[in-house]
Amino acid sequence: MKFPMLAAGFVLTAGVAAAQTPVLTVLTYDSFTSEWGPGPAVETAFEEVCGCDLRFVAAGDGAALLARLQLEGARSEADVVVGLDTNLTAAAAATGLFAPHGAAVEVDLPVAWDDPLFLPFDWGWFAFVHDRKMAEVPGSFEELAASDARIVIQDPRSSTPGLGLLMWVKAAYGDRAPEIWGALADNIVTVTPGWSEAYGLFLEGEADMVLSYTTSPAYHLIAEEDDSKAAAPFREGHYLQVEVAGKLAASDQPELADRFLAFLLEEPVQSVLPTTNWMYPARLPAGGLPEGFETLVRPDVSLLLSADEALSLRPEALREWQDALAR
Amino acid sequence: MARRAGALIVAAALAALTLGPLALVMARAGGGALGAADWAALRFTILQAALSSLVSVLLAVPVARALARRSFPGRGLMIALLGAPFLLPVIVAVLGIIAVFGRAGLFNRGFEALGLAPLSIYGLHGVVLAHVFFNMPFAVRLILQGWLAIPSERFRLAAALGFGPSDVARHLERPMLREVLPGVVLVVFVICLSSFAVALTLGGGPRATTVELAIYQALRFEFDLGRAALLAALQFTICGAAVLATGAVALPSAFGAGLDRAAVPFAPRGWRRVADALVLTAAAAFLLLPMAMVAARGLPGLFQLPPEVWAAAGRSLSVALPSAFLSVSGALVLALASPRFGLVATLPLAASSLVLGTGLFLAVHPFLNPTLVALPVTMLVNAVLSLPFAYRILAPEARALEADYGRLAQALGLGGLARLRWLTLPRLRRPLGFALGVSAALAMGDLGVIALFAGEGGATLPLLVQRLMGAYRLEQAAGAALLLVLTSFALFWIFDRGGRHAAS
């Protein structure tokens, strides 16, 4: 019988604390809150100015966030959600759980932004990362398919980068997507459930290239002083992953939530994102990007399907992918 | 009567914790439908699980026999190490297997040096290979236990009657295998049913889609709770059918009780001796090479672990120990009661941890902040999920105990705690130690459910390994994973060794 009493005790103390300082609950993905992500720095910086207690609740990856929110519904104690991407925002908007951010959007994104519900806080280009020693680096999906380069990708049914690749091929090739996937099939060593497994296999030497981000080489360069990795620029352009935050309509702290959304685009947060999330900040900090980012590939063409297109194209694109690779 | 009531309570709790969450998810969805892709996933799932379990057990029999009848230096260590692959976190083991059998692995580099074409591990054969790596050693332990449970008097009698190896096989070994093997095949089959990361990563693409991946997709990307619940129910149905099928095949061997004299191994000489040595060497190489690669990859990271890792390790331990005691107590109660509890004691193996976690989340969320109960829920779920293993380890010997000593105990009026103290615990020391070791180690490693509940800073060691990997820190992740393996194995070794020591 000890345990329910203990839990009741926790709930009581939590209630008492809440009466003193307002609590802002932020639902986000695992690697945002982890000791190596931006979470700890964001928490310290925001608590210095808000007179509140910022609490993170972590739930897997971007897709898990949305699923978690749908499970909780309007009863969710989260006030803000951080870390959905544009492949998920249409479904997130359809839940009716989000409130308009009401802010004027001033961001440095390679594309225009006018979503009334979601504010971008960082972004990156998907890219195939390879070792600089690789002999002939393909410059497009077609060259990749024609080469004998071996790649590892993530499954679009279980991973957000995997879904991003699906949209990349669809955005670049439209109706020719099945043909491209058919030609890529013999280059694909394997498909992993998530990003970590794919990246791990690549580092083990199982593949010449792995689907990741143009910013991945920056991690190796800055954190490990290893300049052996590079991203391959593709002529058809690179698909964007834009990570967004939104406010929940049922929040009991709507003003704090607004303040937090605005704070996400301010210097203290934006300046830590490049070296914690290893993505581009949505608003360039005054000090510019950290040293090392200037070595990264910057694609000329950025591809991004609108949130509604991404949602409506997904079933068809998934079927094409499955048919081409199951053969 | 009290024992039967106890078993009924445990069985009811077990059924509620495995089927209840599924019912909650289903109730929330209100219905669902399966598509053609789901049936294709089901076919692949059954195919790979059937192949994996048959190959694991076929390979395990000669290894168990060689271990049972030979004595050599390092035999105890080898038996203990057999517990290790089973306890490795999936992704760590997959990377270890790839370091040996992968494209850039030891084997292919060897082939390359010899001018041979490289072999690809990706495909159905890779999935089976990985599942055999995980489960064959566990199968060996279960079968070895069967061999050691044949009373030494029977072997003495066989020797006195001048039995040759084929006579021993016919009269002693085959009846034992007939009793033990169906259960072992069943456990491995059901474990492989819910395989997800191994099947996809080594399967090489969407052909290798399992039911568990379809569940993941339905829950995470489509929020189709109805489909997820139907798929989970399908897993339970296959598991139930497999339990019934094996129940029909298995026959009790009925050797009768022995006097616990020191075993005289039946150790035929000649070519069989050479064959046994070859079997043991091959098995050791197959299991040790990937584990050595895991250790080699983890060592550099082990000495530069971030401080959070130690706190997480403590949290994991505080979950693992109570979970193991709970699980083994429950399993013992069921195993002593009646073989009819076999189905309910196997069911948790087929549970989809995602559906389980989601159902429990739905149960807890209206009343409590899920983060507050992350560790107790993980403890409970791990106890439920490891109970089938504990049950499988305890059941054969518990049944023999009842058959051999039940009437005597009844005649003496030995019941309740006295019976537990003077009969049950002393006679079941060996399987109890093994079961506690396996349960504790499994509870260290599981992360299926904690992921939905853990908040800021409440991570267990497996979750932390995952977070490190997600933050590019693969070297530290490998170090933390090695720490996880070492802790799990140490727990396993302490309990298992304690049991074997007390029994000999």
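Keep in mind the model is a prediction, meaning the values are calculated, not measured.

Residue and element names in this part refer to chain B. Together, Leu106, Phe107 and Leu289 make up a nonpolar patch on the protein surface, roughly 220 Å² of accessible area in all. Looking at where phenylalanine 107 falls in the secondary structure, it is placed in helix H6 (residues 106-113). Looking at phenylalanine 107, the relative accessible area reads 37%, which means it is partly exposed.

Turning next to the nonpolar core. Residues Phe128(A), Trp181(A) and Ile143(B) are the most contacted members of the largest nonpolar core, which totals 277 residues. In contact with Ile143(B), other than residues within four places in its own chain, are Val57(B), Ala60(B), Val61(B), Ala64(B), Met176(B), Leu177(B), Val180(B), Leu181(B) and Val184(B).

On the chain A side, the residues contacting the 57 residues of chain B number 61 residues. Put simply, chain B and chain A have three salt bridges between them. For Asp30(A), the salt bridge goes to Arg467(B), with nearest N and O atoms at 3.0 Å. Along the contact surface separating chain B from chain A lie 12 residue pairs in polar contact (both at pLDDT 80 or more). Among the elements of the structure, helix H5 (90-101), helix H10 (197-203), helix H11 (211-220), helix H16 (353-364), helix H20 (450-453), helix H21 (461-470) and helix H22 (474-503) of chain B are those that each provide at least two residues to the side of chain B that touches chain A. In terms of residue count, H21(B) provides more of the side of chain B that touches chain A than any other element does, six residues in total. Here the residues of the side of chain B that touches chain A sort into 36 nonpolar, 12 polar and nine charged.

What follows concerns the state of the cysteines. Within this structure, the stated rule accounts for one disulfide over all chains. Each sulfur in the disulfide pair Cys50(A) and Cys52(A) lies 2.1 Å from the other. In this structure, the disulfide formed by Cys50(A) and Cys52(A) twists by about -90° around the S-S bond and is classed as left-handed. Residue Cys50(A) shares its accessibility class with Cys52(A), and that shared class is buried. In this structure Cys192(B) is a free cysteine whose sulfur lies 13 Å from that of Cys239(B), the closest cysteine sulfur available. What makes Cys192(B) buried here is its relative accessible area of 1%. Overall, the relative accessible area of 0% leaves Cys239(B) in the buried class.

As a further point, take the pattern of salt bridges. Residues and elements named next belong to chain A. Under the counting rule described, the total for this entry stands at 18 salt bridges over all chains. We note a salt bridge from glutamate 179 to arginine 176, for which the minimum N-O separation is 3.1 Å. Judged by relative accessible area, glutamate 179 falls into the partly exposed class, the value being 47%.

What follows deals with the domain arrangement of chain B. All names here are of chain B. The assigned domain composition of chain B is domain 1 (1-31 + 304-504) and domain 2 (42-253 + 262-295). Listed as interface residues are 41 residues of domain 1 and, on the opposing side, 43 residues of domain 2. Summed over both partners, the interface of domain 1 with domain 2 buries about 3600 Å², with 79% contributed by carbon and sulfur atoms. By the criterion of area lost to domain 2, the three top residues of domain 1 are Ala350, Leu354 and Arg392, representing 15% of everything that side buries. If you look at where domain 1 meets domain 2, you find one salt bridge. Here aspartate 496 ties to arginine 141 by a salt bridge, and the two come within 3.0 Å at their closest N and O atoms.

What follows concerns the confidence of the model for chain A. Residue and element names in this part refer to chain A. In the predicted model, chain A carries a mean pLDDT of 89, and 94% of its residues have values of at least 70. Within chain A, the lowest mean pLDDT, 47, falls on helix H1 (residues 2-20), and the highest, 97, falls on strand E8 (residues 209-213). Across residues 1-18, where pLDDT falls below 50, the model places seven contacts with residues more than four positions away in sequence or in other chains.

This part is about the domain arrangement of chain A. All names here are of chain A. Domain assignment breaks chain A into domain 1 (14-123 + 241-294) and domain 2 (124-240 + 297-326). The C-alpha centroid of domain 2 is placed 26 Å from the C-alpha centroid of domain 1. Between domain 1 and domain 2, the residue contacts involve 22 residues of the former and 27 residues of the latter. When domain 1 packs against domain 2, the two sides together hide about 2000 Å² of surface, and 66% of this comes from carbon and sulfur. It is Asn87, Gln241 and Trp278 in domain 1 that bury the most area against domain 2; as a group they hold 37% of the surface buried on that side. Where domain 1 packs against domain 2, one counts three residue pairs in polar contact (both at pLDDT 80 or more). When contributions to the side of domain 1 that touches domain 2 are tallied by element, the ones reaching two or more residues are helix H5 (89-94) and strand E10 (238-248). Examining the composition of the side of domain 1 that touches domain 2, we find that three residues originate from one element, H5, more than from any other. Looking at the side of domain 1 that touches domain 2 residue by residue, the class counts come to 13 nonpolar, six polar and three charged.

This part is about helix H14 (residues 307-326) of chain A. Between its first and last C-alpha, H14(A) extends 28 Å over 20 residues, near the 28 Å set by a 1.5 Å rise per residue. Along H14(A), the sharpest change in direction is near 45° and occurs at Arg314(A); proline Pro315(A) comes one to four residues later. Every buried residue of H14(A) is accounted for by Ala307(A), Ala310(A), Arg314(A), Ala317(A), Leu318(A), Glu320(A), Trp321(A), Ala324(A) and Leu325(A). Buried residues along H14(A) sit against H5, strand E6 (151-154), helix H7 (160-173), helix H8 (177-184) and strand E7 (188-192) of chain A together with H11 of chain B.

Moving on to the pairing of E10(A). Residues and elements named next belong to chain A. Along E10, 11 of the 11 residues are buried, which leaves the element largely enclosed by surrounding structure. In this structure, strand E3 (residues 80-85) lies alongside E10, joined through five bridges in antiparallel fashion. Directly across from valine 82, in E10, lies its bridge partner alanine 245. Relative to E10, strand E4 (residues 98-99) runs antiparallel, the two sharing two bridges. By the bridge assignment for E10, alanine 99 is matched with lysine 247. Looking at chain direction, strand E5 (residues 118-131) and E10 are connected through seven bridges and run antiparallel. Bridge pairing in E10 links proline 120 to valine 244. Where E10 lies against strand E12 (residues 302-303), two bridges are found, and the strand directions are parallel. Looking across to E12, one finds that tyrosine 239 is bridged to leucine 303.

Calculation criteria
Residues numbered from 1 in each chain as written. Chains lettered and ligands numbered in written order. Predicted model: local features only at pLDDT ≥ 70, side-chain atom pairs only at ≥ 80, totals over all residues. Heavy atoms only, no water. Patch = residues over 30% accessible without salt bridge, like charges linked within 9 Å, V, L, I, M, F, W, Y side chains within 5 Å. Areas by Shrake-Rupley, 256 points an atom, 1.4 Å probe, with all protein chains shown as cover. Salt bridge = Lys/Arg side-chain N within 4 Å of Asp/Glu carboxyl O. Helix = DSSP H or I, 4+ residues; strand = E, 2+ residues; numbered from the N terminus. Buried < 20%, exposed > 50% of the residue type's maximum accessible area, 1.4 Å probe, protein only. Core = buried A, V, L, I, M, F, W, Y, C linked by side-chain atoms within 4.5 Å. Contact = heavy atoms within 4.5 Å. Polar contact = N/O pair within 3.5 Å; in protein donor to acceptor, adjacent residues only side chain to side chain. Nonpolar A, V, L, I, M, F, W, Y, C, P; charged D, E, K, R; others polar. Disulfide = S-S within 2.5 Å. Domains from an automatic or database assignment. Buried area = accessible area lost by both parts, 1.4 Å probe. pLDDT = per-residue confidence, 0-100. Expected span 1.5 Å × (residues − 1). Bend = angle between axes of the 7 residues up to and from the residue. Pairing = 2+ DSSP bridges.

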